[in-house]
Number of protein chains: 2
Amino acid sequence: MTYCVAVIVNDGIAFCSDSRTSAGVDQINTYSKMFRFGIEGNRQFVIMSAGNLATTQGVIARIEKDIAKLEPVNLYTVNDMHEAADYLGELSLAQQAKTGGGNAYTSTFIIGGQIQGHPPQIAMVYPEGNHITTSKDTPFLQIGESKYGKPILDRIIKPDTSLHTAALCALVSMDSTMRSNLTVGPPIDIQLYSSNSFVLGESYHLLEDSNYLKQLNRAWNDKLIEGFSTLPPLQNSAPAPTTNP
Amino acid sequence: MTYCVAVIVNDGIAFCSDSRTSAGVDQINTYSKMFRFGIEGNRQFVIMSAGNLATTQGVIARIEKDIAKLEPVNLYTVNDMHEAADYLGELSLAQQAKTGGGNAYTSTFIIGGQIQGHPPQIAMVYPEGNHITTSKDTPFLQIGESKYGKPILDRIIKPDTSLHTAALCALVSMDSTMRSNLTVGPPIDIQLYSSNSFVLGESYHLLEDSNYLKQLNRAWNDKLIEGFSTLPPLQNSAPAPTTNP
């Protein structure tokens with residue numbers, strides 16, 4: 001499996017993805033699931049993927065080819081993020097159709113970034129080719145093994161969260177996921193995009209033996225255990241139910 | 001949906017279940033998913049269920065009937081927890097067969113407790129009727145919406161964790177799940193069982209407006225936010241990858 005998350009705040013967008021790919025237990029490999037496209041000063045996109053690796057690679061190759069061939073519709077000609085997401089959805093459907101369809105060949109994508117004249121945006125593109133974006137109340141999108149890492153995002157992320165804090169929260173969300181699910185693993189890619197910069201911001205590539213990743217993992221684990229140890233002990237708020245026969 | 005968790009430690013077993021049941025968005029109701037059976041001094045069982053409510057109720061009714069009718073095989077005659085789990089699995093299959101089978105009618109159960117002459121044990125009974133127990137490394141079982149609440153269990157629960165701490169951790173796991181998933185909700189039932197007591201221990205029944213539940217929710221939220229705020233800022237451990245064209 002996979003875990004990717006994009007968080008959008010007023011300051012910009014933080015993208016975070018793992019790199020573990022499995023096609024059966026004997027074929028566990030490492031592939032980055034983050035792809036970057038852009039024209040400085042005009043538009044920037046980051047795409048992340050979850051699902052069938054061949055479909056993903058086929059889609060990314062088509063995006064590159066369409067740009068190189070100056071096709072009328074490509075990531076550098078689309079007018080806004082909805083068109084970009086629609087385009088990505090069409091490529092995904094076309095790629096799936098090549099394999100005759102079927103659930104085994106689907107991929108889900110997150111595309112985010114900004115095009116001149118528009119605000120920064122992120123969208124999730126379903127295997128069916130349609131897509132959703134975010135709202136002020138849900139300023140993040142997740143694909144893959146999304147449940148383990150959702151609670152911390154729900155607690156921390158607000159529209160006025162700083163971009164670095166959003167990225168750190170995405171990484172903590174990734175850390176929780178990796179701890180509970182073996183199919184998600186390093187290296188971890190993080191990409192920041194600052195609103196209205198039209199150039200990619202800082203990026204981080206954290207390997208399995210990254211000292212920082214270990215330090216963060218330990219610090220978060222310690223904080224959780226420490227915080228847990230101070231919680232109020234169990235108390236009843238109502239009479240205990242009558243027991244069964 | 002549902003979330004139930006049973007944690008087994010040296011001191012005993014902590015059971016925790018939610019009470020939200022939905023059969024379509026217009027039919028959200030409250031049913032306890034925790035059922036208690038036992039003979040003081042001889043055996044105690046707690047059963048929790050996730051899945052089809054009719055199947056669950058059918059199975060629980062059959063358990064009660066088999067006990068009342070003194071059927072040769074019932075919860076009060078089985079020799080060990082494996083037999084108890086097998087018996088539960090058979091009832092579940094029989095109940096599903098009545099509706100013609102199909103995924104919509106399946107239920108998954110956790111059964112735990114202790115029978116004289118045996119150590120305390122918990123088992124998860126799959127809709128197919130088979131079951132698994134725990135190991136020293138994985139001293140808990142979850143059914144229903146299990147992913148949101150798994151990270152905290154992974155971090156806190158060890159065999160030598162106290163029974164009260166195990167129960168509190170189960171409740172925090174439930175709190176995280178309720179915050180991230182609307183289909184899991186109060187009242188929350190908690191049942192403690194102390195090893196070799198052969199009598200049910202403390203139980204807690206926490207209603208939606210429980211002051212303790214609110215206090216715990218707030219305390220945990222504050223601790224997480226506070227702990228998060230002290231984490232080391234993002235650092236690279238390797239050169240940034242080259243960006244795509």
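Above this text you will find the structure in question.
The structure contained in this document is the topic of the report that follows. Nothing here was measured: the structure is a model prediction, and the numbers come from that model. (Residues numbered from 1 in each chain as written. Chains lettered and ligands numbered in written order. Predicted model: local features only at pLDDT ≥ 70, side-chain atom pairs only at ≥ 80, totals over all residues. Heavy atoms only, no water.)

**Section: the packing of helix 1 (residues 53–68) of chain A against helix 2 (residues 81–98) of chain A**
If you want to describe how two helices pack, look at the angle between their axes and the distance between the axes. Residues and elements named next belong to chain A. Formally: Each axis is a line fitted through C-alpha atoms, and for a helix only the stretch in contact is used; angles between axes span 0 to 180 degrees, taken between their N-to-C directions. Under the scheme used here, helices are H or I runs from DSSP no shorter than 4 residues and strands are E runs no shorter than 2 residues, and both carry numbers assigned from the N terminus. Any angle from 65 to 115 degrees is called roughly perpendicular, while one under 35 is roughly parallel, one over 145 is roughly antiparallel, and all others are oblique. Crossing handedness: left-handed means the near helix sits turned counterclockwise from the far one by under a right angle, and right-handed means the same turn made clockwise. The contact definition used throughout considers only heavy atoms, calling two residues in contact when any of these lie within 4.5 Å. All residues other than Ala, Val, Leu, Ile, Met, Phe, Trp, Tyr, Cys, Pro, Asp, Glu, Lys and Arg, Gly among them, are scored as polar; the first ten of these are nonpolar and the last four charged.
At a minimum axis distance of 9 Å, the contact between helix 1 and helix 2 shows a crossing angle of 125°. Between helix 1 and helix 2, the angle falls in the class oblique. Considering only the axes of helix 1 and helix 2, their crossing is right-handed. Contacts between helix 1 and helix 2 pair Ala54, Thr55, Gly58, Val59, Arg62, Ile63 and Asp66 from the former with Tyr87, Leu88, Leu91, Ser92, Gln95 and Gln96 from the latter. Of the residues in the contact of helix 1 with helix 2, the class split is 6 nonpolar, 5 polar and 2 charged.

**Remarks on the nonpolar core**
Keep this limit in mind: Each nonpolar core is a collection of buried residues, namely Ala, Val, Leu, Ile, Met, Phe, Trp, Tyr and Cys, held together in the definition by side-chain atoms within 4.5 Å. A 1.4 Å probe rolled over the protein chains alone gives each residue an accessible area, and that area as a share of the maximum for its type sets the label: buried under 20%, exposed over 50%, partly exposed in between.
Counting residues in each nonpolar core, the largest one holds 70 residues, and the members touching the most others are Ile190 of chain A together with Ile190 of chain B. Excluding residues within four positions of it along the chain, Ile190 of chain B makes contact with Leu234 of chain A together with Phe15, Cys16, Met34, Arg36, Ala167, Leu171, Glu202, Ser203, Tyr204 and Leu206 of chain B.

**What to know about the interface of chain A and chain B**
Put simply, the rule is: Once two parts are put together, the accessible area they lose, assessed with a 1.4 Å probe and summed over both, is termed the buried area. By definition here, a salt bridge exists when the distance from a side-chain nitrogen of Lys or Arg to a carboxyl oxygen of Asp or Glu is within 4 Å. For this analysis, a polar contact is any N or O atom pair within 3.5 Å, provided that within protein one partner can donate a hydrogen and the other can accept it, and provided that sequence-adjacent residues contribute only side-chain to side-chain pairs.
Counting residues at the interface gives 61 residues for chain A, matched by 60 residues for chain B. In this assembly, chain A packs against chain B so that about 5600 Å² is buried in total across both faces, 64% of it on carbon and sulfur atoms. The largest share of the area that chain A buries against chain B comes from Arg155, Phe228 and Leu234 of chain A, three residues that together contribute 17% of it. With its nearest N and O atoms 2.9 Å apart, the salt bridge here joins Lys147 of chain B to Glu145 of chain A. Across the chain A-chain B interface, the total number found is 18 residue pairs in polar contact (both at pLDDT 80 or more). When contributions to the side of chain A that touches chain B are tallied by element, the ones reaching two or more residues are strand 5 (34–39), helix 3 (150–156), helix 4 (163–180), strand 11 (188–194), strand 12 (203–206) and helix 5 (211–229) of chain A.

**Topic: helix 5 (residues 211–229) of chain B**
Residues and elements named next belong to chain B. Stated formally: Every helix has an expected span of 1.5 Å times one less than the residues it contains. The directions considered for the arc run from the helix axis to the C-beta atoms.
With 19 residues, helix 5 should cover 27 Å at 1.5 Å per step; its first-to-last C-alpha distance of 27 Å lies within 8% of that length. Here helix 5 has its buried residues at Tyr212, Leu213, Leu216, Trp220, Asn221, Leu224, Gly227 and Phe228. Relative to the axis of helix 5, the buried residues are bounded by an arc of 160° and lie together on one face. Exposed residues on helix 5 whose side chains face more than 90 degrees from its buried face are Asn211, Arg218 and Ser229. Between the side-chain oxygen of the N-cap and the backbone nitrogen of Tyr212 there are 3.2 Å, and the N-cap of helix 5 in question is Ser210.

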